[in-house]
Amino acid sequence: REPESVERSQRRAKTQIRKITTELAPNHFTTFTTRESGPDYLTPADWSEMWSRFVALMRQSGHDFEYVCVLERHPKNPAHLHLHVAWRGHAHYRIMRRFWHIAVLRQKGVKASSTQYGDQSPGNIQDQPVKAPRGSYKQVRKIAKYIAKYITKDLISEFNKKRIS
């Protein structure tokens, strides 16, 4: 691929994801992480399975969960991934954390039904602060810009592969 063609493609993707996220009007920007040590890190396919399981648990519990998400490499350890999620709705973080732990542990072949704490915790969910008035259009635009930034920050997958969900 020509660098100019890839750059145009990245600009189109960034614009499209910014529009999709703005249309969603998210009120939260959250980072989902896992606690893992090398050399066997979770792959993007593993993250996709965990995320699908998490979303299914949320919906089964009656939470209306609309989102746009994108994977990002950890800045200090490129093999380790984080998931940035712009979502709309209301849910208790305790419930979300519990479901995230169930999804992560199940991916590792462990059956769990509760939240794990301390060194036993398989991962975390952290709401990221957005410097804008809560519920405002400015907040929505900033969250959309953050998500769009992560789309083109680095190419985790091969060219023409879907990076968002």
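Structure report, in brief. Just so you know, the residues in each chain are numbered from 1, in the order the chain's sequence is written. Note on the predicted model: pLDDT of at least 70 is required for a residue's local features to be given, and 80 or more for side-chain atom pairs to be given and counted; whole-chain, interface and lining totals, by contrast, use all residues. Remark: hydrogens and water are excluded; side-chain values derive from all non-hydrogen atoms of the structure.

Turning next to the side chain of threonine 33. Tracing the backbone shows threonine 33 in strand β1 (residues 28-34). Each residue's exposure class comes from its accessible area (1.4 Å probe, protein chains only) as a fraction of the maximum for that residue type: buried when under 20%, exposed when over 50%, partly exposed otherwise. Accessibility expressed as a relative area gives 18% for threonine 33, which makes it buried. Working rule for contacts: check all heavy atoms of both residues, and any pair within 4.5 Å makes them a contact. Contacts of threonine 33, omitting those with residues within four sequence positions, involve Trp47, His82, Trp100, Pro122, Gly123 and Asn124. In this description a helix means any DSSP run of H or I spanning at least four residues, a strand means any run of E spanning at least two, and both kinds are numbered starting from the N terminus.

Let's shift gears to the sheet that holds β1. With antiparallel pairing, four strands are arranged side by side in an open sheet as β2-β3-β1-β4. Where the open sheet ends on each side, the last strands, each with one partner, are β2 (66-73) and β4 (123-127). Sheet twist, expressed as the average angle between the axes of neighbouring strands with direction ignored, equals 20 degrees. A strand pair is defined by DSSP finding two or more bridges across the two strands. Pairing of β1 with strand β3 (residues 81-88) involves five bridges; the strand directions are antiparallel. The residue of β3 that forms the bridge with phenylalanine 29 is alanine 86. Docked against the sheet, helix α1 (residues 3-24) engages β2 and β3, running at close to 140 degrees with respect to β2. Only the stretch in contact is used when a helix axis is fitted, and all axes are lines through C-alpha atoms; the angle between N-to-C directions ranges over 0 to 180 degrees.

Here a helix's expected span is defined as the number of its residues, less one, multiplied by 1.5 Å. With 15 residues, helix α3 (residues 93-107) extends 21 Å from end C-alpha to end C-alpha; this agrees with the ideal 21 Å at 1.5 Å per step. Turning to α3, its buried residues are Met96, Phe99, Trp100, His101, Ile102, Ala103, Val104, Leu105 and Gln107. Close packing links the buried residues of α3 with β1, α2 (44-60), β3 and β4. Within two residues after α3, glycine 109 carries a phi angle of roughly 85 degrees, on the positive side.

Moving on, we come to the nonpolar core. Across soluble globular proteins, nonpolar side chains have a tendency to be buried as a group. In terms of nonpolar packing, the biggest core is built from 24 residues, with Phe32, Trp51, Phe54, Met96 and Trp100 touching the most fellow members. Mapped onto this core, the elements with two or more residues apiece are α2, β2, β3 and α3. Among the elements that make up this core, the one with the highest residue count is α2 (seven residues). Here the nonpolar core consists of buried residues drawn from Ala, Val, Leu, Ile, Met, Phe, Trp, Tyr and Cys, with membership extended through side-chain atoms lying within 4.5 Å. By size, the runner-up hydrophobic cluster in this structure holds 13 residues, among which are Ile17, Val70, Ala86 and Ala132.

Before going further, it helps to spend a moment on the packing of aromatic side chains. To pair, rings of Phe, Tyr and Trp, with the six-membered ring standing in for Trp, must have centres within 6.5 Å; the planes then decide the type, stacked if under 30 degrees apart, edge-to-face if over 60, and tilted in the middle. On inspection of all chains with the given rule, the structure shows 14 aromatic pairs. Taken together, a centroid distance of 5.7 Å and an interplanar angle of 35 degrees make the contact between tryptophan 47 and tryptophan 100 tilted. Taken together, the residues tryptophan 47 in helix α2 and tryptophan 100 in helix α3 connect sequence positions 53 residues apart. Of the two residues examined, tryptophan 47 and tryptophan 100, each falls in the buried class. Judged by centre distance (5.9 Å) and plane angle (85 degrees), the rings of phenylalanine 54 and tryptophan 100 are edge-to-face. Placement of the pair is phenylalanine 54 in helix α2 and tryptophan 100 in helix α3, with a sequence separation of 46 residues. One exposure class covers both phenylalanine 54 and tryptophan 100, and it is buried. Chaining the aromatic ring pairs together yields one cluster made of Phe32, Trp47, Trp51, Phe54, Phe65, Tyr67, Trp87, Tyr93 and Trp100.

Relative to the 24 Å expected for 17 residues at 1.5 Å per residue, α2 spans 24 Å between its end C-alpha atoms, a close match to the ideal helical length. Residues of α2 that are buried sit in contact with β1, β2, β3 and α3. Directly after α2, the chain includes glycine 62, whose backbone phi takes a positive value near 90 degrees.

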